[in-house]
Amino acid sequence: MSDLGEVLMSVLSTIRVPRPGDSVHKEECAFSFASPDSEGGLYVCMNTFLGFGAQFVERHYRRTGQRAFLHIKRTRRPQKEEENGSGAGDPPKKKPTRLAIGIEGGFDVSEQDQYDQEVKVVIFPERLEVTSEDLANMPDVVRERVSLSMAGVLSADSASHNLQVQQWDGEVRQVSKHAADLKQLDNGVKIPPCGWRCENCDLRENLWLNLTDGKVFCGRRYFDGSGGNNHALLHYQQTNYPLAVKLGTITPDGADVYSYEEDEMVLDPKLPEHLAHWGIDMMTMEKTERTMTELEIAVNQRLGEWEVIQESGTTLRPLIGPGLTGMRNLGNSCYLNSVMQVIFTVPDFQNKYVSNIEKIFNDAPSDPTQDFKTQVAKLGYGLLSGEYSKPAPDPGEDPSVTPEPKGDQVGIAPRMFKALIGRGHPEFSTNRQQDAQEFLLHFINMVERNCRSSDNPTEAYRFLMEERIVCQQSQRVKYTQRVDYILQLPVPMEHATNTEELQEYERRRREAEETLSPPPPAVRAVVPFSVCLAAFSEPETLEEFWSSALQAKSTASKTTRFASFPDHLVIQIKKFTFGLDWVPKKLDVSIDVPDSLDLSALRGAGLQPGEEELPDLAPPPLVTPDVEVKGIPGGFHGNEEDDSLCSPLLSPVLDESTVGQLIEMGFPIEACRKAVYYTGNTGIDSAMNWVMTHMDDPDFSAPLVLPGSSSAPGGTPTSQTTPTESVSEEHLATIISMGFSRDQASRALRATSNVLERAVDWIFSHLDDLDSMDVSEGRSAADSVSEREPPQGPRVRDGPGKYELFAFISHMGSSTMCGHYVCHIKKNDQWVIFNDQKVCASEKPPKDLGYLYFYRRVTE
């Protein structure tokens, strides 16, 4: 014991007690998905609080010299019947009342299984073990420091838990603008605590109390004919009384409140007061009906799309083994799970991160949880190795017995990867549902930034598109090329092959609405894939095209072709679109996407003999008649000594109403200004056409720079942070961790007044400018470029345009902001469905309902 005490004394100065703000990684290894539940347990460094599995703990000791680790080992014990919630005396589990995790009113994230936990201190390299009993006999100074450190680690919220709470502590509902000053009539109405019925039709479910006059009416009719008869909505249309509360959802924690004028579910901070006006005491009410959130989930799941895509109608055979590892859903992270499952079937990513994993781990910085390459390699190995492809244990089974595959796996939880790749991003840093296509492009961007001086696996997806524009009046042409990673195919619904069936369904649906009868079974449009491909390849007419040959407006046609064919081609079916009112909607469509694809006929040919190119001239500037020019008679005068050094400030005339309309559609303000400027104030249609044509431009959202102006696109206005002004080191570290240099990160922060989220958006919208920036020497981008050789074009691979389908990602739900994603991947001639932790052999892969399709080149 004395020797043990001496060893502890020798490392005592390195043992710390966690302080507020310290990240304690006690649930997951930095290099693997080992946890306290793993066979070897988890070792937590008592200095850095990084966690390591048994395979990696010695590596950390050798690299850092840290010797003291807290070893945590959990063993699940079988639950008895009374332990797993079936006992009559068990209190009911409290229902969540807000979309949050680990906070009051949120989802309970405590472990449902019961564990035996063993904790001890292990000293390396001797692997001396010190238990709590051993500490009792140690000198006071040793016992107190080590015990406090142990207690601090065990009691601290894990880093993953803290991140989860930060990401999912978000109310999706906003406070109603009517809540603060809501008018309530003194008409003597009192609402009983139960026994409600609609005042128009005697319905007893889905009832809404209008908070202004106390009237109780039924709600809206659901898609299947259930729900109500729209009487609450009709009452609002007659009275304009805006707020109603759903009876049956009122509890001491809140209720469903709907604002008819704002057309959304809202929060009412004064709800107890507003309910008390009608004699309702919130503190005594109990929930008797499903909330609108619960109903939305239930309704979505009843749609045939959910059943078909998840293959719910058949008993699927579970699969386990290398490359067949499930991923846990971290709260709406199915979009990430589906994309990354497909990514690591591509050999380029396997070779870059998994085959090279030892070098990546050896080169990892002191905190590998913040290193992009380390976390991508860790994820790739976790998916491909098969180490975590094991059946999930049943709480009632003996943990010492290997369970039979039942569908759900132990799988991996990509917490560190999700935290790192989403860090600083306004959407991917949250636990809200996201668009899988947008996440794929975000991940590609991250890889691009981290592979600027090494092999880049995203080259497998990268290709060039050729755009050919012909001025119809002069017949002169313009060819441009742009880099792309995804082929987006439109869905021409007007070419559906079951038009008559769709029209009949629409007629019967309208008839059902008018007669308040149940609607007919939904009919899905059937659109051939060949029609989608033809819609992409056919010429597009550009109205109000400014022809540099004519120096005037003309009409032009634009055709798009491939300038190169990638090794792996991603096709997006553009199911998510906008209605006539610019409200996002999803097309319910079936498309016969082929297993084999030949795009050879869509290869571009470039400038042809006899074709004459359009002159490379910009449109004339639109400026006010009385241009403000500093230092010129009639202009603005400042310090007379500086007048001779100042250049004219051109002030463009822009139709602000058109700019405003574009902004309301969700486009960046600078892009809207450019659209109006370059279309010569000719109205919303031509401006909208410009936006759609230039959305992929690298400087799409960069500030408008007028011809003759000395400002470079993306330049930092003088009103913003000056080059010498300090920027946040924490924000710098965040952006640098994404693969950018310190100079580039500094420039982004200075250009956005030190706001991290804006800086991240700025830097990703100026990727093409970054290589030509030399901020450290204070030179402009133009100066830097002039001293270098012309930059090489993007590196692309090319080959035959023949492909075979090997994977697809499907979406269920009404929009990209809700619903669920799964992916199907073809492995060894067998289609496999990856539905988060469920990995099974697919019986009927729903290839006609996919959203993203992944093809690989066929070589003859």
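On a predicted model such as this, the values are computed, not experimentally measured, just so you know.

Draft legend 1. Region of interest: the overall build of the protein chain. Across its full length, the protein chain holds 25 helices and 27 strands. Burial status across the protein chain gives 47% buried among its 860 residues. Considering only residue pairs separated by 6 or more positions, the protein chain has 69% of its internal contacts joining residues 24 or more positions apart. Accessible surface, the protein chain: about 42200 Å² in total, of which carbon and sulfur atoms supply 49%.

Draft legend 2. The side chain of Ser32, seen in detail. For Ser32, the position within the fold is in the loop between α1 (2-11) and β1 (42-45). Setting aside anything within four residues of it in sequence, one finds Ser32 in contact with Phe56, Lys378 and Tyr388.

Draft legend 3. Spatial organisation of helix α13 (residues 372-384). Spanning 13 residues, α13 covers 18 Å between terminal C-alpha atoms, matching the ideal 18 Å at 1.5 Å per step. What α13 keeps buried is the set Phe372, Thr374, Gln375, Val376, Ala377, Lys378, Leu379, Gly380, Gly382 and Leu383. Taken together, the buried residues of α13 touch α10 (334-343), α11 (347-354), α12 (357-362), α14 (415-422) and α15 (436-450).

Draft legend 4. Structural detail: the sheet that holds strand β11 (residues 264-267). The strand order across the open sheet built from six strands is β6-β11-β10-β9-β7-β8, with neighbouring strands paired in mixed fashion. Where the open sheet ends on each side, the last strands, each with one partner, are β6 (174-175) and β8 (216-218). Across three bridges, strand β7 (residues 207-210) lies against strand β9 (residues 243-246) in antiparallel orientation. Directly across from Trp208, in β9, lies its bridge partner Lys246. Along the sheet, helix α6 (residues 231-239) contacts β7 and β8; its crossing angle with β8, the most-contacted strand, is approximately 125°.

Draft legend 5. Here's a closer look at the nonpolar core. If you look at the biggest cluster of nonpolar residues, it comprises 95 residues, and the most contacted ones within it are Val146, Met340, Tyr353, Phe443 and Phe854. With sequence-adjacent residues up to four places away left out, Phe854 is seen in contact with Val342, Leu440, Tyr461, Leu569, Val570, Glu804, Leu805, Phe806, Ala807, Phe808 and Ile809.

Draft legend 6. Representation of the sheet that holds strand β3 (residues 68-76). Strands sit in the order β2-β1-β3-β4-β5 across an open sheet of five strands; the sheet is antiparallel. On the outer flanks of this sheet lie β2 (51-53) and β5 (128-130), each paired with one strand and no other. Ignoring which end each strand starts from, the neighbouring axes of this sheet average 35° apart. Of the strands in this sheet, β1, β3 and β4 (115-123) are in contact with helix α4 (residues 140-155), which crosses β4 at around 140°.

Draft legend 7. Structural context of the packing of aromatic side chains. Per the counting criterion, the structure on display carries 22 aromatic pairs. Each member of the aromatic cluster is reached from another via a ring pair, and the members are Phe349, Phe372, Phe417, Phe443 and Tyr461. We note Arg59 situated over the ring of Phe31; from NZ or CZ to the ring centre the distance is 5.6 Å. When the ring centre of Phe33 is taken as origin, the NZ or CZ atom of Lys378, which lies over that ring, is 4.9 Å away.

Draft legend 8. Structural context of the pairing of strand β27 (residues 850-857). Taking burial as the measure, the eight residues of β27 include seven buried ones, the bulk of the element. Bridge analysis of strand β18 (residues 568-573) against β27 gives five bridges, and the strand direction is antiparallel. Bridge pairing in β27 links Ile571 to Tyr853. Bridge count between strand β23 (residues 802-812) and β27: seven bridges; the pairing is antiparallel. Across the sheet, residue Phe808 finds its bridge partner in β27, namely Tyr853.

Draft legend 9. Up close: the pattern of salt bridges. As enumerated under the stated definition, the model contains 34 salt bridges in all. In this structure, Glu459 engages Arg797 in a salt bridge whose closest nitrogen and oxygen atoms are separated by 3.8 Å. Of this pair, Glu459 sits in the loop between α15 and β12 (463-471) while Arg797 sits in the loop between α25 (781-786) and β23, and the two are 338 residues apart along the sequence. With relative accessibility at 10%, the residue Glu459 sits in the buried group. Across the pair Glu506 and Arg509 runs a salt bridge, and its minimum N-O distance is 2.4 Å. Linking Glu506 with Arg509, this pair stays in helix α16 (residues 499-515), spanning three residues, or about one helical turn. You can call Glu506 partly exposed: its relative accessible area is 27%. Through salt bridges with shared partners, a single ionic network connects Asp348, Glu459, Asp567, Arg795, Arg797 and Arg857.

Draft legend 10. Expanded view of unusual backbone geometry. With an omega dihedral of 5°, the bond running from Phe124 to Pro125 counts as a cis peptide bond. The residue Gln475 is not glycine, and still its phi comes out positive at about 60°. The residue Gln475 is located in the loop between β12 and β13 (477-484) in this model. A positive phi is found at Gln551, a non-glycine position, where the angle reads about 55°. Within the fold, Gln551 resides in the loop between β16 (540-547) and β17 (552-562). We classify Gln551 as partly exposed; its relative accessible area is 43%.

Draft legend 11. Structural detail: α11. All buried positions along α11 are accounted for by Asp348, Phe349, Lys352, Tyr353 and Val354. Next to the buried residues of α11 lie α10, α12, α13 and α15.

Draft legend 12. Seen up close, the environment of Thr249. Within the secondary structure, Thr249 sits in the loop between β9 and β10 (257-259). When the C-alpha atoms of Thr249 and Lys287 are compared, they prove to be 4.9 Å apart, with 38 residues separating the residues in sequence. A distance of 3.1 Å separates the side chain of Thr249 from the backbone nitrogen of Asp256, its partner in a polar contact.

Draft legend 13. How the structure looks around the pairing of β9. Here β9 shows two buried faces, one formed by Leu243 and Val245 and the other by Ala244 and Lys246. The pairing of β9 with β10 spans three bridges and is antiparallel. Pairing of Val245 across the sheet is with Val257, part of β10.

Draft legend 14. Region of interest: the confidence of the model for the protein chain. In the predicted model, the protein chain carries a mean pLDDT of 80, and 76% of its residues have values of at least 70. Confidence drops under pLDDT 50 across residues 81-113; counting only partners more than four residues distant or on other chains, this segment forms 49 contacts. Note that pLDDT drops below 50 for residues 165-171; the model gives that stretch 22 contacts with residues more than four away or on any other chain.

Draft legend 15. Region of interest: the environment of Asp363. Within the fold, Asp363 resides in the loop between α12 and α13. Between the C-alpha atoms of Asp363 and Lys373, which are 10 residues apart in sequence, the distance is 9.6 Å. One polar contact links Asp363 to Lys359, side chain to side chain, over a distance of 2.7 Å.

Draft legend 16. Structural context of the packing of α13 against α14. Two numbers describe how α13 lies on α14: the axes approach to 9 Å, and their chain directions differ by 140°. Taken together, α13 and α14 sit at an angle that is classed as oblique. Classified by chirality, the crossing of α14 by α13 is left-handed. Contacts between α13 and α14 pair Phe372, Gln375, Val376, Lys378 and Leu379 from the former with Met416, Phe417 and Leu420 from the latter.

Calculation criteria
- Residues numbered from 1 in each chain as written.
- Predicted model: local features only at pLDDT ≥ 70, side-chain atom pairs only at ≥ 80, totals over all residues.
- Heavy atoms only, no water.
- Helix = DSSP H or I, 4+ residues; strand = E, 2+ residues; numbered from the N terminus.
- Buried < 20%, exposed > 50% of the residue type's maximum accessible area, 1.4 Å probe, protein only.
- Contact = heavy atoms within 4.5 Å.
- Areas by Shrake-Rupley, 256 points an atom, 1.4 Å probe, with all protein chains shown as cover.
- Expected span 1.5 Å × (residues − 1).
- Pairing = 2+ DSSP bridges.
- Axes fitted to C-alpha atoms, helices over the stretch in contact; angles between N-to-C directions.
- Core = buried A, V, L, I, M, F, W, Y, C linked by side-chain atoms within 4.5 Å.
- Phe/Tyr/Trp six-rings, centres within 6.5 Å; stacked < 30°, edge-to-face > 60°.
- Lys NZ or Arg CZ within 6 Å of the ring centre and 35° of its normal.
- Salt bridge = Lys/Arg side-chain N within 4 Å of Asp/Glu carboxyl O.
- Polar contact = N/O pair within 3.5 Å; in protein donor to acceptor, adjacent residues only side chain to side chain.
- pLDDT = per-residue confidence, 0-100.
- Parallel < 35°, antiparallel > 145°, perpendicular 65-115°, else oblique.
- Left-handed = near helix turned anticlockwise from the far one by under 90°.

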